[in-house]
Amino acid sequence: ILAVMEFSFIGGSMGSVVGEKISKAIIKAEEEKLPLIIITASGGARMQEGAYSLMQLAKTSSKLARFSKNGGLYIVLLTDPTTGGISASIGMLGDVILSEPNALICFAGPRVIKQTIGQDLPEGFQRSEFLFEKGFIDKIVERKDLKSIIANTISLLQ
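All figures in this text were calculated on a predicted structure; none of them were measured in a lab.

Rules and cut-offs
Residues numbered from 1 in each chain as written. Predicted model: local features only at pLDDT ≥ 70, side-chain atom pairs only at ≥ 80, totals over all residues. Heavy atoms only, no water. Helix = DSSP H or I, 4+ residues; strand = E, 2+ residues; numbered from the N terminus. Rg over C-alpha atoms; globule rule 2.2 N^0.38 Å. Buried < 20%, exposed > 50% of the residue type's maximum accessible area, 1.4 Å probe, protein only. Areas by Shrake-Rupley, 256 points an atom, 1.4 Å probe, with all protein chains shown as cover. Lys, Arg positive; Asp, Glu negative; His and termini not counted. Charge placed at Lys NZ, Arg CZ, Asp CG, Glu CD. Axes fitted to C-alpha atoms, helices over the stretch in contact; angles between N-to-C directions. Parallel < 35°, antiparallel > 145°, perpendicular 65-115°, else oblique. Contact = heavy atoms within 4.5 Å. Nonpolar A, V, L, I, M, F, W, Y, C, P; charged D, E, K, R; others polar. Salt bridge = Lys/Arg side-chain N within 4 Å of Asp/Glu carboxyl O. Pairing = 2+ DSSP bridges. Right-handed = clockwise from strand over helix to strand, strands pointing away.

A. Examining the overall build of the chain more closely. If you tally the helices and strands in the chain, you get 6 helices and 6 strands. For the chain, the α and β elements follow one another from N to C terminus as β-α-β-α-β-α-β-β-α-α-β-α. For 158 residues, the compact-globule estimate of 2.2 N^0.38 gives 15 Å, and the chain sits close to it at 15 Å. With the C-alpha coordinates aligned to their principal axes, the bounding extent of the chain is approximately 50 × 35 × 30 Å. Expressed as a percentage of its 158 residues, the buried residues of the chain come to 44%. Within the structure as shown, the chain displays about 8700 Å² of accessible surface, and the carbon and sulfur contribution to it stands at 58%. Within the chain, the 16 negative side-chain charges are centred at a point lying 6 Å from the centre of the 17 positive side-chain charges.

So, in structure tokens, the structure goes:
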């Protein structure tokens, strides 16, 4: 089962409809005993929806926890950008976490963090290579190699 976020539509933000669609994908994968792949591209939660948007993060995360507990395989592909609540929830809950090269992956952007802590961040601090180095990402994959890497991963782990 494949769910893909689209950044060109309201920054790929998760609101109530996106949360419901992802929830349905998780449920379908669980019912059919199929692997779940989510491709993220998001600025985070849709703040104009307020609390409804934030509830989607909890809703999808709890469904993913149940999916995992029941033996489901969840692969997530983090694309540029994956930020905000998406990076803090479904983006980091995969059994296997893949990323495109040089993708911006963070909760708060570099400008916000710099304003908050009052100092410069390390070079590449919020890029996929840094997160791979620190163990948050399992593999960085070029787009041309995604099909074979995902197929091999499913074959090995399913």
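B. Local environment of the packing of helix α1 (residues 16–32) against helix α2 (residues 51–69). Where α1 contacts α2, the axes come no closer than 9 Å and their chain directions differ by 5 degrees. Classed by the angle they form, the pair α1 and α2 counts as roughly parallel. Touching S16, G19, E20, I22, S23, I26, I27, A29 and E30 of α1 are Q56, K59, T60, K63, L64, R66 and F67, all from α2. A class-by-class count of the residues in the contact of α1 with α2 yields 6 nonpolar, 5 polar and 5 charged.

C. Local environment of the pattern of salt bridges. Considering all chains together, one arrives at 8 salt bridges under this definition. Its salt-bridge partner being K28, residue E32 comes within 3.3 Å of it at the nearest N-O pair. Pair noted here: E32 and K28 are both in helix α1, with a separation of 4 residues, about one helical turn. The exposure class assigned to E32 is partly exposed, which follows from its relative accessible area of 41%. For E49, the salt bridge identified is with R46, shortest N-O distance 3.6 Å. Looking at E49, the relative accessible area reads 24%, which means it is partly exposed. Of the residues examined, R46 reaches a relative accessible area of 9% and is grouped as buried.

D. Quick look at the environment of I26. Its location among the elements puts I26 in helix α1. Distance from I26 to T40, taken between C-alpha atoms, is 15 Å for residues 14 residues apart in sequence.

E. Region of interest: the pairing of strand β2 (residues 36–42). Across the 7 residues of β2, 6 count as buried, placing the element largely inside the fold. When strand β1 (residues 2–4) meets β2, the two strands line up parallel, connected through 3 bridges. In the strand pairing of β2, V4 is matched with I39. You can see the chain leave β1, run along α1 and come back into β2, and the turn it takes is right-handed. In terms of strand pairing, β2 meets strand β3 (residues 74–83) through 6 bridges, oriented parallel. What sits directly across from I39, in β3, is L77.

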